[in-house]
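Report on the structure
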Amino acid sequence: MRTLPENRGVKLFILLGLLILLSGFDTTRHSIPLDEIRPGGPPKNGIPSIDRPRFLSAKDAPAEIKPGDRVLGLTLTGEARAYPIAILNWHEIVNDTLGGQAVVITYCPLCGTGMVFDAQAGGERLSFGVSGLLYQSDVLLYDRKTESLWSQIKAEAVAGPMTGTKLHLLPSTHTTWAKWIEAHPGTQVLSRDTGHRRDYDHDPYYSYANGSGDLMFDVSRVNPVLPLKEIVIGIRIGEASKAYAFSDLEKAAPVSDRLGRVAFTVHYDSESRTALIRDTKGKELPTVVGYWFAWFAFHPETQVFKENQSIHGNIMKGLVFLVFAAAFFASGISRKKLALVVLLVAAIALFYYFDLARYLTLEGIKDNLQSLQDYYARNTPGMILGFIGVYIVVVALSLPGASLLTLTAGAVFGSLPGTLVVNVGATVGAALAFLAARFVLRDWVENRFGEKIKPFNEGFSKNALNYILFLRLVPVFPFVLVNLLSGLTQLRFGTYFIGTMVGILPGSFVYANAGSNLASIDSLSDVVSAPVLGAFALLGLFALIPTLYNHFKNRKTAPKEMIP
């Protein structure tokens, strides 16, 4: 990376030149260090913006653009336009109006970043030009009304009267002309008839983009986790940000992920090298595509996706391992048992492969709650049966999310109906898990540990209902573990079913009742307080009173020599 010379005289000369360049702008107010602003070469308006853009229809475009040419695509209110990078390289800014909305299309060849903004900012409709200045190697725009300087990637005014005013980033797509016109056959494309004489067939930044990894201008920070000029797609939601390298997306896409409360999927087309991010409703989200060094310079706190984090790759590897482990473990048992093990493992793997867990989060439930409530109003029986079915699957496969589903039941159905729906789903799911564990493992456990666990089985069977009620009422005992371990005992299925159905009622009601006020819940820890946990523990102890009474009664009536 090229850095500024250390010679003190050269530095003074550069600073003097910078002061001259900045003299055309009011920098009394500024949010970045002025000494980090660099002259980019051409003076103010030396790179002319396009202020009266002309467009061609897709039918007339072949005379000026080839299928493989890169474009920055934009859609607004059903209208689509493409802005060829070959033109943006020479002009960097296009002031345009699309679908009745004033927009500014910006492109920084040094950062590879094409970004589209709403031209309304701070209550003003603005027109922008190229200042000739750079910050962190990124173009600084200026608005012609106040002559404030605006950072493209930072998306805000950084010097001048409008300092701190934000620009609203709009979704746009870096892709090929062929890919864009395939998706938007009615599109227009920016014409080379720009009013300026430029050789649009010549790329002045070809060597910079395709040569060494050196930068023309230094930045204040770099991160070697990726090559400086690796192309990434970056997304920022609130204070959180994340970057996805194209080289990793090549192997892993689509990638399901989330930042904060927003779940989304990163899509990538390797043929056209097109990346975009859509939310769970299919809406495209605003993103930044460009060089890694540029994204990191403005987002030093960014997370970075790596291909080996891909849920798809990891789950498929885990699936293969578990299937082979199951085959090895079950080599001495029947084919039916082995088939069940493989089926269960495959079902769990598919759950993670399709990243269905993203729907079983507090944020995911809140995001989709209105849709669930609307569907319940339209199709009450279907919603109830569907919800019970999902709950059964989650519990039977020991998947995470049962507590969140219980909150959802309260939010959708109400406290008491939600409690009943949850009770049915949880009881049936627990029963299936119990039967699966018994079918696959109990014979093996008894053959290997039969004599050792015989006293336990006998004692447990005498007071089975009380023990199951105790285990279900006291939340310190994991629900999933009770399901599986109960199946390995001699416990009668009917006793287990009734004990589960009754024992989970109080907890189900607490969570369903809390779910009826879901908007006020920020985490599961907000649902159950220490007094509630204490009440559950007391209920559990009450369930053991008959057992304890019989135990002490038997000790009193037993011959003294039999009492230890």
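Structure's up top.
Conventions and cut-offs
Residues numbered from 1 in each chain as written. Predicted model: local features only at pLDDT ≥ 70, side-chain atom pairs only at ≥ 80, totals over all residues. Heavy atoms only, no water. Pairing = 2+ DSSP bridges. Helix = DSSP H or I, 4+ residues; strand = E, 2+ residues; numbered from the N terminus. Axes fitted to C-alpha atoms, helices over the stretch in contact; angles between N-to-C directions. Salt bridge = Lys/Arg side-chain N within 4 Å of Asp/Glu carboxyl O. Buried < 20%, exposed > 50% of the residue type's maximum accessible area, 1.4 Å probe, protein only. Expected span 1.5 Å × (residues − 1). Core = buried A, V, L, I, M, F, W, Y, C linked by side-chain atoms within 4.5 Å. Phe/Tyr/Trp six-rings, centres within 6.5 Å; stacked < 30°, edge-to-face > 60°. Lys NZ or Arg CZ within 6 Å of the ring centre and 35° of its normal.

Taken together, the 5 strands give an open sheet; going across it, the order is S1-S10-S11-S12-S13, and neighbouring strands pair in antiparallel fashion. Looking at which strands have only one partner, the edges of the open sheet turn out to be strand S1 (37-39) and strand S13 (156-159). Each strand of the sheet is rotated relative to its neighbour by a mean of 50°, with strand direction disregarded. In this sheet, strand S12 (residues 149-151) lies alongside strand S11 (residues 138-143) in antiparallel orientation, the contact comprising 3 bridges. Paired with leucine 140 across the strands is serine 151, a residue of S12.

What the rule picks out here adds up to 13 salt bridges. Aspartate 51 is the partner of arginine 144 in a salt bridge, and the nearest nitrogen-oxygen pair spans 3.3 Å. Here the residue arginine 144 occupies a position in the loop between S11 and S12, and aspartate 51 occupies one in the loop between S1 and strand S2 (55-57), the gap between them amounting to 93 residues. On the basis of relative accessibility, which here comes to 34%, the residue arginine 144 falls in the partly exposed class. Its salt-bridge partner being lysine 179, residue aspartate 269 comes within 3.8 Å of it at the nearest N-O pair. In this pair, aspartate 269 is assigned in strand S20 (residues 262-269) and lysine 179 in helix H3 (residues 177-183), connecting sequence segments 90 residues apart. Judged by relative accessible area, which is 30%, lysine 179 ranks as partly exposed. When salt bridges that share partners are traced, they join Arg236, Glu239 and Glu301 into one network.

Residues lying three or four places apart along an α-helix face the same way, a consequence of the helix completing one turn every 3.6 residues. Over its 12 residues, helix H11 (residues 402-413) extends 16 Å from the first C-alpha to the last, a length consistent with the 16 Å expected when each residue adds 1.5 Å. For H11, every residue scored as buried is listed here: Leu404, Leu405, Thr406, Leu407, Thr408, Ala409, Gly410, Ala411, Val412 and Phe413. Where H11 terminates, the next one or two residues include glycine 414, which has phi positive at roughly 105°.

Core analysis: the biggest nonpolar cluster contains 51 residues, and Phe128, Leu149, Trp150, Trp292 and Phe293 have the highest contact counts within it. By residue number, the principal contributor to this core is helix H6 (residues 292-298), which donates 7 residues. One finds Phe351, Phe387, Tyr496 and Ile521 within the second-largest nonpolar core, a separate group that totals 36 residues.

Let us now look at the packing of aromatic side chains. Counted by the stated rule, this structure contains 15 aromatic pairs. Ring centres of phenylalanine 128 and tryptophan 150 lie 5.7 Å apart, and the angle between their planes is 85°; this geometry places the pair in the edge-to-face category. Of this pair, phenylalanine 128 sits in strand S10 (residues 128-135) while tryptophan 150 sits in strand S12, and the two are 22 residues apart along the sequence. Classification of phenylalanine 128 as buried rests on a relative accessible area of 0%. With 5.3 Å between their ring centres and 85° between their planes, phenylalanine 387 and phenylalanine 413 make a pair best called edge-to-face. Of this pair, phenylalanine 387 sits in helix H10 (residues 380-396) while phenylalanine 413 is found in helix H11, placing the two residues 26 residues apart along the sequence. Assessed through its relative accessible area of 8%, phenylalanine 387 is described here as buried. Cluster of aromatic residues (ring-pair linked, three or more members): Tyr376, Phe387, Tyr391 and Phe413. Lying across the ring of phenylalanine 25, lysine 44 places its NZ or CZ 5.0 Å from the centre. A cation sits over an aromatic face here: lysine 337 above phenylalanine 439, 5.8 Å from the ring centre.

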